[in-house]
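Secondary and tertiary structure notes
Each chain is listed here by its residues.
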Amino acid sequence: MRCLYREKKHYCGEYLEVDIFPVFEYQRGRSRKRKPTTEMQKKLNQRNAERKLIRLLNTNFTKHDIRFDLTYSPENEPPTPEDAQRQLQNFLRRVKRYRKKHELPDLKYVAVTEQGSKSGRLPHHIVMSGGIDINTLAEIWGKGYTTAKPLQFDENGIAGIAVYLVKEPILGKRWCASRNLEQPKTSERDGRLPQYKVKQFHDSGYDNREELEKLYEGYALSDISPYYNEINGGYYLTVRMYKKPAPKRSRKRGKL
């Protein structure tokens, strides 16, 4: 059984996420895959959803955009999740009309509706394009209470918001998004990294910062997540990076 290590790179705006994992070539047929338990599958689904949303948000939004949270006043509380979704879509349509009327760029958004386990209330959380005064957005909502915050990026982008937003699916979907979102660009490469080097990165983590930054030129390391699979003996890594700021040019004074 021959094994190569694959690098799968996801380019997400100012951020880069790299998955490094083994690819096996089976000489005699295929081995049976072990089915994960229900609990394992649930955790895997949650992790995959978080990672997908992190990449989507980092690709499409900047510090000029906002997080906007919507709740309902008691008299406007929708009776069902379906009604809440209709209210959300009506709000987004009104925002689109406002932006068009005022010659603003098309609306980009990712929206999540959650349901309180005890209260049953149905608030909405939206990451969306900026450019509209928050008081105007509150008037457009008109169903209750709102809070707005500018997006704040760190070395992992807005990963924290993505993890918070990924909830248990309501009506079969974890989130809804505008159709004009750009998908992260991906590329794959096999065989550049031998197993001993991947194991070294796995075992030493941040100690290999300098070498990892040479591998992915122009990026600085923000996080590395290692995993060893005892079943197939493979090493798995997720490396997260961010673009290094451009060096400042020194200004030389002219000679008198």
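The structure under discussion appears in the preceding block.
What comes next concerns the included structure. Since we're looking at a predicted model, the values are computed, not measured. (Residues numbered from 1 in each chain as written. Predicted model: local features only at pLDDT ≥ 70, side-chain atom pairs only at ≥ 80, totals over all residues. Heavy atoms only, no water.)

**Considering the side chain of Arg67**
- Examined against the element boundaries, Arg67 turns out to sit in strand β3 (residues 66-72).
- For Arg67, the side chain forms a polar contact with the side chain of Asp69, separated by 3.2 Å.
- Once residues within four sequence positions are removed from consideration, Arg67 is found in contact with His125, Ile126, Val127, Thr147, Ala148, Lys149, Leu151 and Tyr164. (Helix = DSSP H or I, 4+ residues; strand = E, 2+ residues; numbered from the N terminus. Polar contact = N/O pair within 3.5 Å; in protein donor to acceptor, adjacent residues only side chain to side chain. Contact = heavy atoms within 4.5 Å.)

**Points about the pairing of strand β4 (residues 109-113)**
- Along β4, 5 of the 5 residues are buried, which leaves the element largely enclosed by surrounding structure.
- Of the two faces of β4, the one carrying Tyr109, Ala111 and Thr113 and the one carrying Val110 and Val112 are both buried.
- Of the strand pairs in this sheet, β4 and strand β5 (residues 124-128) are connected by 5 bridges, and their pairing is antiparallel. Its bridge partner lying in β5, Val110 is registered against Val127.
- Sheet topology places β4 next to strand β7 (residues 176-177); 2 bridges connect them, and they run antiparallel. Note that in β7 the partner of Ala111 across the bridge is Cys176. (Buried < 20%, exposed > 50% of the residue type's maximum accessible area, 1.4 Å probe, protein only. Pairing = 2+ DSSP bridges.)

**Examining the packing of aromatic side chains**
- Under the criterion given, the structure shown has 6 aromatic pairs.
- When the centroid spacing of 6.5 Å and the interplanar angle of 15° are considered together, the rings of Tyr15 and Phe153 count as stacked. In this pair, Tyr15 sits in strand β2 (residues 15-25) while Phe153 sits in the loop between β6 (144-150) and α4 (159-165), placing the two residues 138 residues apart along the sequence.
- Taking 5.9 Å as the distance between ring centres and 55° as the angle between the ring planes, the aromatic pair formed by Tyr227 and Tyr236 counts as tilted. (Phe/Tyr/Trp six-rings, centres within 6.5 Å; stacked < 30°, edge-to-face > 60°.)

**Regarding the sheet that holds β3**
- Taken together, 5 strands build an open sheet; the order of strands is β6-β3-β5-β4-β7 and the sheet is antiparallel. Edge positions in the sheet fall to β6 and β7, since each of these pairs with one other strand and no more.

**So, the pattern of salt bridges**
- In this structure the tally under the stated criterion is 17 salt bridges.
- Across the salt bridge formed by Arg55 and Glu17, the nearest N and O atoms sit 2.9 Å from each other. One end of the pair, Arg55, is in helix α1 (residues 38-60); the other, Glu17, is in strand β2, with 38 residues separating them in the sequence. Note on accessibility: Arg55 and Glu17 belong to one class, buried.
- Between Arg86 and Asp83 there is a salt bridge; the shortest N-O distance is 2.4 Å. Here Arg86 and its partner Asp83 are both found in helix α2 (residues 81-101), 3 residues apart, which amounts to about one turn of the helix.
- By sharing partners, the salt bridges in this structure join Glu17, Asp19, Arg51, Arg55, Asp223 and Arg240 into a single network. (Salt bridge = Lys/Arg side-chain N within 4 Å of Asp/Glu carboxyl O.)

Note that every value here comes from positions in space, so none of it alone points to a role or purpose.
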